Amino acid sequence: MTTATARQIVLAARPQGRPKLTDFRLEETSIPTPIAGQLLLGVQYLSLDPYMRGRMDDRKSYAKPLQLGEVMTGETVAQVLTSNLPAYAKGDIVLAPTGWRTHALSDGAGLRKLDPAFAPVTTGLGVLGMPGFTAYVGLRLIGKPQPGETVVVAAASGPVGSLVGQLAKLAGARAVGIAGGPEKCAFVKDDLRFDAAIDHRATDFPAQLAAACPKGIDVYFENVGGAIWQAVLPLLNNFARVPVCGLIAQYNGPSGGDGTDRLPATMRQILSRSLTVRGFIYYDFAEQHYADFLREVGTGIADGRIRYREDIVDGLEKAPEAFIGMLEGRNFGKAVVRVGA
Ligand SMILES: NC(=O)c1ccc[n+]([C@@H]2O[C@H](COP(=O)([O-])OP(=O)(O)OC[C@H]3O[C@@H](n4cnc5c(N)ncnc54)[C@H](OP(=O)(O)O)[C@@H]3O)[C@@H](O)[C@H]2O)c1
């Protein structure tokens, strides 16, 4: 680390709808000194994830909301700068829940050592981390794609969606990705090797999606909600499975942006098509499935069957702008901030 003082970003105000730069505040503090039983961590990379938007609201959810003035929540790749714990040595690289800051103390709770020889360390925040694991368990345990079936996923160039489609292909299914804009669609189809990619910003998006799914949809991996769910709903086959992973179109407001109430149509379709719709949070599956995930997806990356893309911006001070951009689709791949050397 080259900075003499530590820096951190705190929640300055609760966003009304879309977050603004003034909802965040950059603060300087002194670098803390570890006592016995503690590590001093120097953060190298910070992960930006859609769930962080929910933590900024004062609303009950599966996790506690942030208090005003509290450091923004976040997972990071960090280096052990000083170790007063026998299990860690200076220089070790760990995955750590430090939040949006340059330095942090840790008693070792929630840390996972990363092996830079296994894969680039940033993958621990994306394809080989929480988002990748979310794709893996949501698709495998809830979506259960069968050979020849059609799997649709939105936010398809992001860390969750990109792995969902690639795992669907490896399971012998047809993968259709939904993404924002021609560049992302080309990446999803050509680099990630999905069978089709549809731009949700196109005026005839529902018709294009229907044309790309001539046999209907058997698994819809829900990352977005809103208008995309509305286009998917009439295409779902009998006994289709819908792992409900995220609803990013609703994170800045209650109704997917356009005020349409989709509940009656959704309930009608769940009944008449015998759909299985199941919400899930990745950590409920971690104990049982994380090791299998790391082995399978790690092997897939090493032998080229699984590809990933990262969108890395430089400097902790850029995190708020990059985070706001991610909620609006300006990231192209897993959103990461490079914090220190
Ligand atoms: N349940 C769990 O345990 C769990 C864990 C991790 C993540 N998640 C959820 O999984 C989803 C994907 O997360 P991720 O980490 O892979 O991030 P991500 O794909 O990078 O998410 C950002 C992307 O969402 C898309 N998006 C944003 N607003 C949209 C809108 N109104 N309509 C359509 N697309 C929109 C944009 O892509 P385009 O430009 O392509 O539209 C944007 O680039 C999120 O909903 C997240 O909350 C859930």
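Residues numbered from 1 in each chain as written. Predicted model: local features only at pLDDT ≥ 70, side-chain atom pairs only at ≥ 80, totals over all residues. Heavy atoms only, no water.

Novice: Pulling in residues and values, what's your account of the overall build of the chain?
Specialist: A tally of regular secondary structure across the chain gives 9 helices and 15 strands. Rg of the C-alpha trace for the chain: 20 Å, near the compact-globule value of 20 Å for 341 residues, within the 12% margin. With the principal axes as the frame, the chain shows a C-alpha extent of 60 × 45 × 35 Å. Within the chain, the fraction of its 341 residues that count as buried is 52%. Long-range pairs, those at least 24 residues apart, make up 67% of the contacts in the chain between residues at least 6 apart in sequence. (Helix = DSSP H or I, 4+ residues; strand = E, 2+ residues; numbered from the N terminus. Rg over C-alpha atoms; globule rule 2.2 N^0.38 Å. Buried < 20%, exposed > 50% of the residue type's maximum accessible area, 1.4 Å probe, protein only. Contact = heavy atoms within 4.5 Å.)

Novice: How would you summarise the sheet that holds strand S10 (residues 196-199) if you had to cite specific residues and measurements?
Specialist: With parallel pairing, 6 strands are arranged side by side in an open sheet as S10-S9-S8-S11-S12-S13. A single partner strand is all that each edge strand has here, and the edge strands are S10 and strand S13 (276-279). Averaged over all pairs of adjacent strands, the angle between their axes in this sheet comes to 15°, without regard to strand direction. Relative to S10, strand S9 (residues 174-179) runs parallel, the two being bridged by 4 bridges. Looking at S10, one finds that Ala-179 is bridged to Asp-199. Packed onto the sheet, helix H2 (residues 130-143) meets strand S8 (150-154), strand S11 (217-221), strand S12 (236-244) and S13 and runs at close to 145° relative to S11. (Pairing = 2+ DSSP bridges. Axes fitted to C-alpha atoms, helices over the stretch in contact; angles between N-to-C directions.)

Novice: Mind laying out the packing of aromatic side chains, listing which residues take part and the relevant values?
Specialist: Each aromatic ring pair is characterised by the separation of its centres together with the angle its planes make. A complete count under the given rule lists 12 aromatic pairs for this structure. The interplanar angle of 65° and the centroid separation of 5.4 Å between the aromatic rings of Phe-133 and Phe-293 together place this pair among those described as edge-to-face. Here Phe-133, found in helix H2, pairs with Phe-293, found in helix H8 (residues 286-302); they are 160 residues apart in sequence, far enough to count as distant. Residue Phe-133 shares its accessibility class with Phe-293, and that shared class is buried. Here a set of aromatic residues connected by ring pairs shows up, and it is made of Phe-133, Tyr-136, Tyr-290 and Phe-293. (Phe/Tyr/Trp six-rings, centres within 6.5 Å; stacked < 30°, edge-to-face > 60°.)

Novice: Provide a residue-level description of the site of the ligand, including the pertinent values.
Specialist: Near the ligand you find 27 residues, and of these Lys-184, His-200, Asn-223, Tyr-251 and Asn-331 are the closest. Between the ligand and Lys-184, the relevant distance is 2.7 Å, taken from an oxygen atom to a side-chain nitrogen or oxygen of the residue. Between Asn-331 and the ligand, the recorded distance is 2.6 Å, taken from a side-chain N or O atom to an oxygen atom. Protein chains bury 91% of the 920 Å² of accessible surface belonging to the ligand in isolation. Those elements that place two or more of their residues in the shell around the ligand are H2, helix H3 (159-170) and helix H9 (319-327). Along the lines of polarity and charge, the residues of the shell around the ligand split into 18 nonpolar, 8 polar and 1 charged. (Near = heavy atom within 4 Å. Polar contact = N/O pair within 3.5 Å; in protein donor to acceptor, adjacent residues only side chain to side chain. Areas by Shrake-Rupley, 256 points an atom, 1.4 Å probe, with all protein chains shown as cover. Nonpolar A, V, L, I, M, F, W, Y, C, P; charged D, E, K, R; others polar.)

Novice: Describe helix H4 (residues 182-191), listing the residues and the values that go with them.
Specialist: The complete set of buried residues in H4 reads Lys-184, Cys-185, Phe-187 and Val-188. For H4, the buried positions fall inside an angular range of 160° around the axis, keeping them on one side. For H4, exposure combined with an orientation more than 90 degrees from the buried face picks out Pro-182, Glu-183 and Asp-190. Each element contacted by the buried residues of H4 is listed here: S9 and S10. (Arc of directions from axis to C-beta.)

Novice: Can you explain the environment of Lys-318? Please cite residues and give values.
Specialist: Take Lys-318: it is sitting in the loop between strand S14 (310-314) and H9. Considering only alpha carbons, one finds Lys-318 and Ala-173, 145 residues apart in sequence, at a separation of 39 Å.

Novice: If you had to explain H8 to someone new, which residues and values would you point to?
Specialist: Compared with the 24 Å implied by 1.5 Å per residue over 17 residues, the 22 Å span of H8 between its first and last C-alpha is a close match. Turning to H8, its buried residues are His-289, Tyr-290, Phe-293, Leu-294, Val-297, Gly-298, Gly-300 and Ile-301. Buried residues along H8 sit in contact with strand S7 (112-113), H2 and H3. Following H8 by one or two positions, Gly-304 adopts a phi angle in the positive range, close to 85°. (Expected span 1.5 Å × (residues − 1).)

Novice: Hey, could you go over the pattern of salt bridges for me, with residue numbers and the actual values?
Specialist: A side chain of one charge can pair with a side chain of the opposite charge when the charged atoms of the two come close. What the rule picks out here adds up to 15 salt bridges. Here Glu-27 and Arg-25 are joined by a salt bridge, their closest N and O atoms 3.2 Å apart. Given a relative accessible area of 22%, Glu-27 falls into the partly exposed group. The exposure class assigned to Arg-25 is partly exposed, which follows from its relative accessible area of 38%. As a salt-bridge pair, Arg-338 and Asp-314 come within 2.8 Å of each other at their nearest N and O atoms. Remark: Asp-314 occurs in strand S14 and Arg-338 occurs in strand S15 (residues 334-338); sequence separation between them is 24 residues. For Asp-314, a relative accessible area of 48% puts it in the partly exposed group. Through salt bridges with shared partners, a single ionic network connects Arg-18, Glu-328 and Arg-330. (Salt bridge = Lys/Arg side-chain N within 4 Å of Asp/Glu carboxyl O.)

Novice: Go over unusual backbone geometry, please, and point to the residues and values.
Specialist: Positive phi outside glycine occurs at Ala-155, with the angle close to 50°. Tracing the backbone through its elements, the reader meets Ala-155 in the loop between S8 and H3. Looking at Ala-155, the relative accessible area reads 38%, which means it is partly exposed.

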